[in-house]
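One-letter residues, chain by chain:
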Amino acid sequence: YTLKTDGMEFKTEANYTLSLTVTDFATNSTDAEDELFTVDGTEPEIRIDYDQPSLAQIVLQNLTFGFFKTSVNVTVTASDAIAGVEYVDYAYEGSIGHYDATAVVDTKNNQKLDKDGKISFKIDPNFKGTVTATAYDWADNSKRVDFGYDKPEDGKTEGNKLDGVI
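1. Some remarks on the overall build of the protein
Assigned secondary structure in the protein consists of 1 helix and 9 strands. When its helices and strands are written in sequence order, the protein yields β-β-β-α-β-β-β-β-β-β. Relative to its 166 residues, the protein shows a buried fraction of 31%. Within the protein, counting contacts between residues at least 6 apart in sequence, those at least 24 apart form 60% of the total.

Right, here's the structure in full:
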């Protein structure tokens, strides 16, 4: 059989179910067969958040003349209203401590998100560099965000780019 699709356009982004039943001239019919498909050309949303140092951590760092430093927890949140997010890749490259050499510190690919659409990781307290995160949806759309992190010696985070949606 041939399915005529002239005039059928799916312009609205959505998840569709196409249900087909075939009937011949003798009125014999097949059972309905459903075909699921998605029309989604929109990239996923991705948001980056990070923990600010607490007042206690800042005081402790000052009391220890900078010897106490805390790592930074980074959370990547991704969503896609139509196809859903399949996975997230993230990497960070830069230097740790007083070294000027730039190197890839960590790379994680194909990371699955938790039920809230989030994935979290920690950055070393002496890290200076760039963190990259890319969200991929089930319709092969993707969105990449880059953000820099340069934690000043006094522990304050003003002036860096870790401030939400990039």
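2. A short note on the confidence of the model for the protein
For the protein, the mean per-residue pLDDT works out to 77, and 78% of the residues sit at or above 70. By mean pLDDT, strand S6 (residues 103–111) is the weakest element of the protein at 70, and strand S4 (residues 72–79) is the strongest at 88. Across residues 151–166, confidence stays below pLDDT 50; counting only partners more than four residues off in sequence or on other chains, it has 39 contacts.

3. Quick word on the pattern of salt bridges
Counted according to the given criterion, the structure contains 4 salt bridges. Of the charged contacts, one joins Asp49 and Arg47 as a salt bridge, the two residues approaching to 3.2 Å between their closest N and O atoms. With its nearest N and O atoms 3.0 Å apart, the salt bridge here joins Asp146 to Arg144. For Arg144, a relative accessible area of 54% gives the class exposed.

4. Some words on the environment of Asn110
Of note, Asn110 is situated in strand S6. Overall, Asn110 belongs to the partly exposed group, its relative accessible area being 47%. When near neighbours in sequence (up to four residues on either side) are disregarded, Asn110 contacts Tyr87, Val88 and Asp89.

5. Some points on the side chain of Thr134
Tracing the chain through its elements places Thr134 in strand S8 (residues 127–137). Relative accessible area serves as the criterion here: at 11%, Thr134 is assigned to the buried category. Setting aside residues up to four positions removed in sequence, Thr134 forms contacts with Ile46, Tyr87, Val88, Asp89, Ser142, Lys143 and Arg144.

6. Some words on a nonpolar patch on the surface
Together, Leu55, Val59 and Leu63 line one region of the surface with nonpolar side chains, adding up to about 330 Å² of accessible area. Within the secondary structure layout, Val59 lies in helix H1 (residues 55–63).

7. Some thoughts on the sheet that holds S4
Across the sheet, which stays open at both edges, the 3 strands sit in the order S3-S4-S7 with antiparallel pairing between neighbours. For this open sheet the edge positions go to strand S3 (45–50) and strand S7 (118–123), each flanked by a neighbour on one side alone. The mean inter-strand angle of the sheet, taken between neighbouring strand axes irrespective of direction, is 20°. Across 6 bridges, S4 lies against S7 in antiparallel orientation. Counterpart to Thr75 in the pairing with S7 is Ser120.

What counts as what
Residues numbered from 1 in each chain as written. Predicted model: local features only at pLDDT ≥ 70, side-chain atom pairs only at ≥ 80, totals over all residues. Heavy atoms only, no water. Helix = DSSP H or I, 4+ residues; strand = E, 2+ residues; numbered from the N terminus. Buried < 20%, exposed > 50% of the residue type's maximum accessible area, 1.4 Å probe, protein only. Contact = heavy atoms within 4.5 Å. pLDDT = per-residue confidence, 0-100. Salt bridge = Lys/Arg side-chain N within 4 Å of Asp/Glu carboxyl O. Patch = residues over 30% accessible without salt bridge, like charges linked within 9 Å, V, L, I, M, F, W, Y side chains within 5 Å. Areas by Shrake-Rupley, 256 points an atom, 1.4 Å probe, with all protein chains shown as cover. Pairing = 2+ DSSP bridges. Axes fitted to C-alpha atoms, helices over the stretch in contact; angles between N-to-C directions.

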